[in-house]
Amino acid sequence: MNMEFPRGVQPPPLPRTLEDMRLPVVMMRDLVIKTIFRKSIECVTDIAEAICLPAAVAQELVDICREQMLLESAGNMSGGGGPEIRWQLTENGRARALDALAQSEYYGAMPVPLEVYQQQIRRQSIRDIRITRDQLVASMGHLVLPPDLIGTLGPAVSSGRSILMYGPPGNGKSSISNGIRDALGDKIYVPRAISYSGQVITVYDPIVHSAAEEQTDDPTQLRRSANRYDARYIRCERPTVITGGELTLDMLDLRYNPVARTYQAPLQMKATGGVFIVDDLGRQSEPPQSLINRWIVPLEEGKDILALQSGEKFEVPFDTLVIFSTNFHPNEIFDQAALRRIFFKIKIDGPDQENFLKIFALVARKKKMPLSEPALIHLLRVKYPTIGSVYANYQPVFLIDQMISICEFEGIPYQMTPELIDRAWANMFVRDERIVK
């Protein structure tokens, strides 16, 4: 049974020997004995699974630990002729494990060297994605969009470059961003952790990364062929990181855990190979210009610069489709130099009356609210003129949910009347008035 990999995404090759690892032997040795110490495992099969390496490579590391008198045999697994030898830490091995844990609490999956990680990023670059019109339409089929918007979005997404979506609030900029994410569709390989200058940086995050279902071999088969790639990576959907008003500049830096003495990758690094959505730009505590200044080098050069606690700086790949979304006009929050760095600027306007009615009908059908012509005429001719007949995509959902809540409270069947329209409308806006204190 052969594993079918996504077209265009080459999986990370299995390391066959210690030389293939391109990591310091001492680092790998210490990680093995820390893992044995923390997980209380004994046989090479379990050690290999815990450190995410092939059994042959794990055996090489066990042999090194045995030669250095850090491990010793504790007999066979079954106690009488079992195929696997049990290993246990010697007194020196336990002392070395404790000393290594004092330097870093990280154990488990062997990290991927930064230069090897860079090679995998090139194999699965977001800039190699080619989105068709049909794919984009399928991922946004639930949205009523202007007819020319898909034609504008398509080239922007396929370029893998930055996108700024702007326009009045409540018109689906966040939904469009999510539709772009859904259109990507394929799978990539995310390292559990990477290594640079002897430091471990964890990358895989189950909150951000959605692991794909793995194939398993039939245990009765002699030849194993499922998931034949480097197990230090996890096969995932292309990731999406969404931030809003909570985004701060320090969230884009390495996060150091002083207790575990390990690093966690910043948000944009976790989004590598996928989409980073900065929603509600202009609502953060940081000025928008400061945020965009932080992105200038990554957006222009395809690399990001991070710093260790020691102050040492290093480069990591920046392979992310960045989508900025704002309710402000770009000229209000950016200077022209910043705007030049954003490759596509797309205005998302509210719907016209025809599309508003389409959205209203779709929402009503989905929520089982019967349409009423008198109520709709009242809405369009009486209520909307009070706000200059400016329509927004969020309004049908808001109004229908309000009417449903009223009907349920009053104990009446779902219905749409001019009176219920008025009651729902009263909650959609706050009247300007002076509050006497």
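Looking at the overall build of the protein
Moving on, step 1. When its secondary structure is counted, the protein shows 17 helices and 16 strands.
Moving on, step 2. Relative to a compact globule of 437 residues, whose C-alpha radius of gyration would be 22 Å, the protein shows 28 Å and is clearly more extended.
Moving on, step 3. If you line up the protein on its principal axes, its C-alpha atoms span 85 × 50 × 50 Å.
Moving on, step 4. Here the protein holds 437 residues, and 49% of them are scored as buried.
Moving on, step 5. Long-range contacts, defined as pairs at least 24 residues apart, comprise 74% of the intrachain contacts of the protein with a sequence gap of at least 6.
Moving on, step 6. Taking the average location of the 49 positive side-chain charges in the protein and that of its 53 negative ones, the two points are 2 Å from each other.

Side note on helix 6 (residues 114-123)
Moving on, step 1. Every buried residue belonging to helix 6 is among Leu114, Val116, Tyr117, Gln120 and Ile121, and all of these are buried. The arc enclosing the buried residues of helix 6, seen along the axis, measures out at 155 degrees, which places them on a common side.
Moving on, step 2. Packing partners of the buried residues in helix 6 comprise strand 3 (112-113), strand 5 (187-191), strand 6 (193-196), strand 8 (233-237), helix 10 (267-270) and strand 14 (313-317).

Some points on the pairing of strand 14
Moving on, step 1. Here strand 13 (residues 303-307) pairs with strand 14 via five bridges, running antiparallel. Each bridged residue has a counterpart across the sheet, and for isoleucine 305 the counterpart in strand 14 is glutamate 315.
Moving on, step 2. Linking strand 13 back to strand 14 in an antiparallel pair, the connection comprises five residues, with glycine 311 at a positive phi of about 95 degrees.

A look at the pattern of salt bridges
Moving on, step 1. With the rule as written, the count across this model stands at 20 salt bridges.
Moving on, step 2. A salt bridge links glutamate 354 to lysine 358, with the shortest nitrogen-to-oxygen separation between them at 3.9 Å. Of the two residues, glutamate 354 and lysine 358 both sit in helix 14 (residues 353-366), four residues apart, roughly one turn of that helix.
Moving on, step 3. We classify lysine 358 as partly exposed; its relative accessible area is 43%.
Moving on, step 4. One continuous salt-bridge network, built from bridges that share partners, spans Arg29, Asp30, Arg96 and Asp99.

Thoughts on the confidence of the model for the protein
Moving on, step 1. Model confidence for the protein is summarised by a mean pLDDT of 88, while 93% of its residues fall at 70 or above.
Moving on, step 2. By mean pLDDT, helix 9 (residues 173-184) is the weakest element of the protein at 81, and strand 3 is the strongest at 98.
Moving on, step 3. Here residues 1-7 is modelled with pLDDT under 50, and outside its nearest four sequence neighbours on either side it reaches 24 contacts, counting other chains as well.
Moving on, step 4. Every residue in residues 217-225 scores below 50 in pLDDT, and together they form 12 contacts with partners more than four places removed in sequence or on other chains.

Some remarks on the sheet that holds strand 16 (residues 344-347)
Moving on, step 1. As summarised here, the arrangement of the five strands in space is 9-12-15-4-16, forming an open sheet in which the pairing is parallel. The open sheet has two edge strands, strand 9 (240-243) and strand 16, and neither has a second partner. With direction set aside, neighbouring strand axes in the sheet form an average angle of 15 degrees.
Moving on, step 2. As judged from the four bridges shared by strand 4 (residues 163-166) and strand 15 (residues 321-326), these two strands associate in the parallel manner.

Topic: the packing of helix 3 (residues 44-51) against helix 4 (residues 55-67)
Moving on, step 1. Where helix 3 contacts helix 4, the axes come no closer than 9 Å and their chain directions differ by 105 degrees. Classed by the angle they form, the pair helix 3 and helix 4 counts as roughly perpendicular. Contacts from Val44, Ile47, Ala48 and Ile51 of helix 3 reach helix 4 at Ala55, Ala58, Gln59, Leu61 and Val62.
Moving on, step 2. Within the contact of helix 3 with helix 4, the residues separate by chemical class into eight nonpolar, one polar and no charged.

Quick look at the sheet that holds strand 11 (residues 262-264)
Moving on, step 1. On the basis of which strands lie adjacent, the open sheet formed by five strands has the order 3-6-7-11-10 and mixed pairing. Each edge of the sheet is formed by a strand with only one pairing partner; in this case those strands are strand 3 and strand 10 (255-257).
Moving on, step 2. In the sheet, strand 3 pairs with strand 6 via two bridges, with the strands oriented parallel. Looking across to strand 6, one finds that proline 113 is bridged to serine 195.

Quick look at unusual backbone geometry
Moving on, step 1. For methionine 69, which is not a glycine, the phi torsion comes out positive at approximately 60 degrees.
Moving on, step 2. Its identity as a non-glycine residue notwithstanding, lysine 368 has a phi of 60 degrees, on the positive side.
Moving on, step 3. For lysine 368, the position within the fold is in the loop between helix 14 and helix 15 (373-383).

What to know about helix 16 (residues 394-410)
Moving on, step 1. For helix 16, with 17 residues, the first-to-last C-alpha span of 25 Å sits near the 24 Å given by 1.5 Å per residue.
Moving on, step 2. Within the sequence span of helix 16, burial applies to Gln395, Pro396, Leu399, Ile400, Gln402, Met403, Ile404, Ile406 and Cys407.
Moving on, step 3. Considering only its buried residues, helix 16 is in contact with helix 14, helix 15 and helix 17 (418-426).
Moving on, step 4. Just downstream of helix 16, glycine 411 is the residue with a positive phi angle, here 70 degrees.

Cut-off values and rules
Residues numbered from 1 in each chain as written. Predicted model: local features only at pLDDT ≥ 70, side-chain atom pairs only at ≥ 80, totals over all residues. Heavy atoms only, no water. Helix = DSSP H or I, 4+ residues; strand = E, 2+ residues; numbered from the N terminus. Rg over C-alpha atoms; globule rule 2.2 N^0.38 Å. Buried < 20%, exposed > 50% of the residue type's maximum accessible area, 1.4 Å probe, protein only. Contact = heavy atoms within 4.5 Å. Lys, Arg positive; Asp, Glu negative; His and termini not counted. Charge placed at Lys NZ, Arg CZ, Asp CG, Glu CD. Arc of directions from axis to C-beta. Pairing = 2+ DSSP bridges. Salt bridge = Lys/Arg side-chain N within 4 Å of Asp/Glu carboxyl O. pLDDT = per-residue confidence, 0-100. Axes fitted to C-alpha atoms, helices over the stretch in contact; angles between N-to-C directions. Parallel < 35°, antiparallel > 145°, perpendicular 65-115°, else oblique. Nonpolar A, V, L, I, M, F, W, Y, C, P; charged D, E, K, R; others polar. Expected span 1.5 Å × (residues − 1).

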